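The chain contents come next:
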Amino acid sequence: MTKLKFTKMHGLGNDFMVIDGINQKFDSTTAPIAAWAQRHTGVGFDQLLLIEAPQTAKADFRYRIFNADGSEVEQCGNGARCFARFVYDKGLTNKQQIVVETAGGVIVPHLNDDGTVTVDMGVPLFAPEQIPFAAIDEDDAQRISHQLVIGNDTVDVTCINMGNPHAVMVVEDIDRAPVHRLGAAIENHRQFPQRVNVGFMQILSPYQIRLRVFERGVGETQACGTGACAAAVAGISLGVLADDKPVQVSLPGGLLSISWQQQPDAHVWMTGPVQTVFEGEIDYL
Ligand SMILES: N[C@H](CCC[C@H](N)C(=O)O)C(=O)O
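Residues numbered from 1 in each chain as written. Predicted model: local features only at pLDDT ≥ 70, side-chain atom pairs only at ≥ 80, totals over all residues. Heavy atoms only, no water.

- As recorded in an unreviewed UniProt entry, the protein goes by the name Diaminopimelate epimerase, listed as coming from Snodgrassella communis.
- Per UniProt, the protein has the following entry under Pathway (unreviewed entry): "Amino-acid biosynthesis; L-lysine biosynthesis via DAP pathway; DL-2,6-diaminopimelate from LL-2,6-diaminopimelate: step 1/1." (UniProt positions renumbered as here; feature names shortened; annotations may be inferred.)

Now the structure itself:
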């Protein structure tokens, strides 16, 4: 039995088990990821982040993301900030601007001098087939907002792909929103063939929102980076948020700043904090 070294990190309470898969053997197909994710009997985390060598010469690294239920997914915004801090602090790079491949596309974190990290999260996608979302008819397929029937409820969601799929709804008061009931129902709704992350957004001003996210494969988290990006893009697209200044997104775990101009191929930029909590090792193989 060998020991697997890992680092526990978080971005606004969205927490991660970070593994250097370059200098250690790690096989994601056999690792007990869901068991390690358990908060009472395992390490406890929302996602496991695996650092690997890049597959193309254009990138510095590849980083893979596994939810607490063991599912591998395309993108993680809070994880991208922790990834950048990890590879720099571990001496795997001396760059402060890092090009990294993910299953959801190439992103570029920038380590800022004040300790925060700014990430170019790429271009948001809206077409149903890009979410993916199974539109009910041709008219539905032309829209970015869709009506979902959930039992006796009908909810309006705006769908954005940030590398991973998001369904965002506007609510009056996120403290009273049925995040767990409706979040679970929408996550597994038949019109989301790959499931979906579900954002509950309360508009405070054209530049400020409160947000709770019921994450695919996890449940409600303290913060969701791609969810904050998706909510800001949804709000700007719906005309309830402005795009001439960053949108301040207040999540249960703290604040993210999201910038996006509503123009073709405009990139989404996210800035927020990172925290390293402890170094650990666990029996493995
Ligand atoms: N649950 C997400 C992955 C993690 C996203 C989140 N932790 C973030 O910071 O973006 C999904 O299944 O697509």
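From this point, the narrative continues.
A few points about the confidence of the model for the protein
- When pLDDT is averaged along the protein, the result is 97, and 100% of the positions lie at 70 or above.
- Reported confidence for the predicted complex is 0.98 by ipTM and 0.97 by pTM. (pLDDT = per-residue confidence, 0-100.)

Focus on the domain arrangement of the protein
- Examined at the domain level, the protein breaks down into domain 1 (2–122 + 273–284) and domain 2 (128–266).
- Look at where the C-alpha atoms of domain 1 and domain 2 centre, and you get two points 24 Å apart.
- Counting residues at the interface gives 21 residues for domain 1, matched by 23 residues for domain 2.
- Summed over both partners, the interface of domain 1 with domain 2 buries about 1,400 Å², with 51% contributed by carbon and sulfur atoms.
- Its largest share of buried area at the contact with domain 2, domain 1 owes to Leu12, Glu74 and Met121, together 36% of the area lost on that side.
- Where domain 1 packs against domain 2, one counts two salt bridges.
- The partner of arginine 216 in a salt bridge is glutamate 74, with the nearest N and O atoms 2.7 Å apart.
- Applying the counting rule to domain 1 against domain 2 returns seven residue pairs in polar contact (both at pLDDT 80 or more).
- Looking at the side of domain 1 that touches domain 2, the element that brings in the most residues is helix H2 (residues 77–89), giving three residues.
- Among the residues making up the side of domain 1 that touches domain 2, the classes are represented as six nonpolar, 11 polar and four charged. (Domains from an automatic or database assignment. Contact = heavy atoms within 4.5 Å. Buried area = accessible area lost by both parts, 1.4 Å probe. Salt bridge = Lys/Arg side-chain N within 4 Å of Asp/Glu carboxyl O. Polar contact = N/O pair within 3.5 Å; in protein donor to acceptor, adjacent residues only side chain to side chain. Helix = DSSP H or I, 4+ residues; strand = E, 2+ residues; numbered from the N terminus. Nonpolar A, V, L, I, M, F, W, Y, C, P; charged D, E, K, R; others polar.)

Brief notes about the site of the ligand
- In the vicinity of the ligand, 15 residues are found, and the nearest of them are Gly77, Glu215, Arg216, Gly225 and Thr226.
- Between the ligand and asparagine 67 there is a distance of 2.9 Å, counted from an oxygen atom to a side-chain nitrogen or oxygen.
- Glycine 225 places a polar main-chain atom, nitrogen or oxygen, 2.8 Å from an oxygen atom of the ligand.
- Taking 360 Å² as the accessible area of the ligand by itself, protein coverage stands at 100%.
- Among the cavities detected, the one that contains the ligand is the largest cavity.
- For the shell around the ligand, the elements supplying multiple residues, two or more each, are H2 and helix H5 (225–238).
- A breakdown of the residues in the shell around the ligand according to their chemical character gives three nonpolar, 10 polar and two charged.
- Domain assignment of the residues forming the shell around the ligand places at least three in each of domain 1 (2–122 + 273–284) and domain 2 (128–266). (Near = heavy atom within 4 Å. Areas by Shrake-Rupley, 256 points an atom, 1.4 Å probe, with all protein chains shown as cover. 1 Å grid on protein atoms, 1.4 Å probe; cavity = no way out; pocket = protein on both sides within 12 Å on 5 of 7 lines; lining within 4 Å. Sits in = over half its atoms within 2 Å of the grid points.)

Quick word on the pairing of strand E16 (residues 254–259)
- Of the pairings in the sheet, the one linking strand E15 (residues 247–251) to E16 comprises five bridges and is antiparallel in character. Within the sheet, the bridge partner assigned to serine 250 lies in E16 and is leucine 255.
- Connecting the antiparallel pair E15 and E16 is a turn made up of two residues.
- Strand direction decides the pairing type here: E16 and strand E17 (residues 269–272), joined by three bridges, are antiparallel. By the bridge assignment for E17, serine 259 is matched with tryptophan 269. (Pairing = 2+ DSSP bridges.)

Quick word on the packing of aromatic side chains
- In the structure shown here, the tally under the stated rule is eight aromatic pairs.
- Their ring planes at 65° and their centres at 6.0 Å tell us that tryptophan 36 and tyrosine 284 sit as a pair that is edge-to-face. Here the residue tryptophan 36 occupies a position in helix H1 (residues 33–37), and tyrosine 284 occupies one in strand E18 (residues 275–284), the gap between them amounting to 248 residues. With respect to burial, tryptophan 36 and tyrosine 284 carry one shared label: buried.
- Plain terms: the ring middles of phenylalanine 61 and phenylalanine 83 are 5.7 Å apart, the flat faces sit at 80° to each other, and that makes the pair edge-to-face. Of this pair, phenylalanine 61 sits in strand E4 (residues 61–67) while phenylalanine 83 is found in helix H2, placing the two residues 22 residues apart along the sequence. Phenylalanine 83 matches phenylalanine 61 in its accessibility class, with the two residues each being buried.
- An aromatic cluster of three or more residues is present, and its members are Phe26, Trp36 and Tyr284.
- A cation over a ring is seen here: lysine 245 above tyrosine 207, with NZ or CZ 4.3 Å from the ring centre. (Phe/Tyr/Trp six-rings, centres within 6.5 Å; stacked < 30°, edge-to-face > 60°. Buried < 20%, exposed > 50% of the residue type's maximum accessible area, 1.4 Å probe, protein only. Lys NZ or Arg CZ within 6 Å of the ring centre and 35° of its normal.)

Observations regarding the layout of surface pockets
- The computed volume of the largest pocket comes to approximately 160 Å³.
- When contributions to the lining of the largest pocket are tallied by element, the ones reaching two or more residues are strand E1 (2–11), strand E2 (14–20) and E18.
- Among the residues making up the lining of the largest pocket, the classes are represented as four nonpolar, three polar and four charged. (Points joined across faces, edges and corners; volume = space filled by probe spheres on them.)

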